[in-house]
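Given next are the chains, with one letter for each unit.
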Amino acid sequence: MGKRILLLGAPGAGKGTQSKRLAETYGVEHVTTGDALRANKDMETEYGTPRSFMEKGELVPDAVVNEIVEAALADADGYVLDGYPRNLSQAEYLTEITDLDAVIYLKVAESELVERLTGRRVCDDCGTNFHVKFNQPEEEGVCDDCGGELVQRDDDTEETVRERLSVFEENTEPVIEHYRDEGVLVEVDGEQTPDEVFEDIRSVVDDA
Ligand code: ADP
Ligand code: ADP
Ligand code: ZN
């Protein structure tokens, strides 16, 4: 059985960047609710479309997200879960559907998060993350991995970023405290270079 890794952190903490490397290194699935929702932004649900929540930086209703995660985990032999759970009710749901080998919290200060998110650029084709200052592509606007076009996400504007950070504080910080109280949370300094962060995460996963 592959490792089952939960990567927690605020928007912009580096979850996507590190998850991609983890998935490659350990041969596990990268399960990310953000990408799944972006691929289904205009899907009609009884609560409205995912887009209507994401544009405002709000959480998409639990029922929609829980279903996505349950289906993705059922198909995976090991995974790195990124962007879920984002509130306590999702965390309870997760406990019912799977066990975890490692729970890692990428810690980054808020001022740094704002700069990372507003400067983030993502590949329109493969989803790889870049940054206008911290992680520049070889050629401006072009993905190093696949040659796709680099774009700014609709919700990476300063105003929506502030809203997402306040949603994180209110809804997701209690999730981090929940895993801390259970004694399973391992904190990693997310303000190091991506390589250093990865090394720290890897030693946690290898011990798990
Ligand atoms: P998340 O998935 O947690 O929202 P990302 O992995 O998309 O975060 O990273 C947010 C932005 O910060 C991206 O532009 C990425 O290139 C950049 N970034 C990721 N890790 C680091 C790091 N360790 N130092 C500086 N910038 C980083
Ligand atoms: P980031 O980690 O950079 O904030 P994501 O790509 O994980 O961004 O999420 C983008 C948006 O998708 C969130 O602001 C939210 O609207 C929605 N979303 C993603 N995951 C969840 C989740 N687990 N529960 C509810 N909404 C979610
Ligand atoms: Zn690409």
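Please read all numbers here as calculations on a predicted model, not as lab measurements.

**What about the site of ligand 2?**
- Neighbouring ligand 2 are 19 residues; Thr-33, Arg-38, Glu-58, Gly-83 and Arg-164 lie closest to it.
- Glu-58 has a polar backbone atom sitting 2.6 Å from an oxygen atom of ligand 2.
- At a separation of 3.0 Å, an oxygen atom of ligand 2 approaches a polar side-chain atom of Arg-120.
- Coverage of ligand 2 by the protein chains reaches 97% of its 550 Å² of free accessible surface.
- Among the elements that take part in the shell around ligand 2, helix α2 (residues 33-39) stands out by supplying four residues, more than any other.
- Tallied by class, the residues present in the shell around ligand 2 amount to seven nonpolar, four polar and eight charged.

**Considerations on the UniProt feature "domain: Adenylate kinase active site lid" (unreviewed entry) in the protein**
- If you check UniProt for "domain: Adenylate kinase active site lid" (unreviewed entry), the listed places come out as residues 120-155 in our numbering.
- Overall, residues 120-155 shows 0% helix and 25% strand. The separation of its end C-alpha atoms is 11 Å.

**Overview of the pattern of salt bridges**
- What the rule picks out here adds up to 17 salt bridges.
- Arg-4 is the partner of Asp-101 in a salt bridge, and the nearest nitrogen-oxygen pair spans 3.1 Å. With Asp-101 in the loop between α5 (88-97) and β4 (102-107) and Arg-4 in strand β1 (residues 4-9), the pair connects residues that are 97 residues apart, well separated along the chain.
- Judged by relative accessible area, Asp-101 falls into the partly exposed class, the value being 32%.
- Put simply, Asp-195 and Arg-21 hold a salt bridge, and the shortest N to O gap is 2.9 Å. Here Asp-195 is found in helix α8 (residues 194-207), whereas its partner Arg-21 is found in helix α1 (residues 15-26), with 174 residues between them in sequence.
- A relative accessible area of 26% places Arg-21 in the partly exposed class.
- Each of the salt bridges in this network shares a partner with another, and the network as a whole consists of Arg-120, Arg-153, Asp-155, Asp-156 and Arg-164.

**Here's the deal with the side chain of Asp-156**
- Inspection of the secondary structure assignment puts Asp-156 in the loop between β7 (150-151) and α7 (158-181).
- With relative accessibility at 1%, the residue Asp-156 sits in the buried group.
- Engagement of the side chain of Asp-156 in a polar contact is seen with the side chain of Arg-120, the distance being 2.9 Å.
- Those residues in contact with Asp-156 that lie beyond four places of it in its chain are Leu-117, Thr-118, Arg-120, Val-161 and Arg-164.

**Re the site of ligand 1**
- What surrounds ligand 1 is a group of 19 residues, the closest being Gly-12, Lys-15, Thr-17, Arg-120 and Phe-130.
- The backbone of Ala-13 places a nitrogen or oxygen atom 3.2 Å from an oxygen atom of ligand 1.
- At a separation of 3.0 Å, an oxygen atom of ligand 1 approaches a polar side-chain atom of Asn-129.
- When the free accessible area of ligand 1 is taken as 560 Å², the share hidden by the protein chains comes to 93%.
- Those elements that place two or more of their residues in the shell around ligand 1 are α1 and β6 (129-131).
- Its residues assigned to classes, the shell around ligand 1 comprises six nonpolar, 10 polar and three charged.

The rules behind the values
Residues numbered from 1 in each chain as written. Chains lettered and ligands numbered in written order. Predicted model: local features only at pLDDT ≥ 70, side-chain atom pairs only at ≥ 80, totals over all residues. Heavy atoms only, no water. Near = heavy atom within 4 Å. Polar contact = N/O pair within 3.5 Å; in protein donor to acceptor, adjacent residues only side chain to side chain. Areas by Shrake-Rupley, 256 points an atom, 1.4 Å probe, with all protein chains shown as cover. Helix = DSSP H or I, 4+ residues; strand = E, 2+ residues; numbered from the N terminus. Nonpolar A, V, L, I, M, F, W, Y, C, P; charged D, E, K, R; others polar. UniProt positions renumbered as here; feature names shortened; annotations may be inferred. Salt bridge = Lys/Arg side-chain N within 4 Å of Asp/Glu carboxyl O. Buried < 20%, exposed > 50% of the residue type's maximum accessible area, 1.4 Å probe, protein only. Contact = heavy atoms within 4.5 Å.

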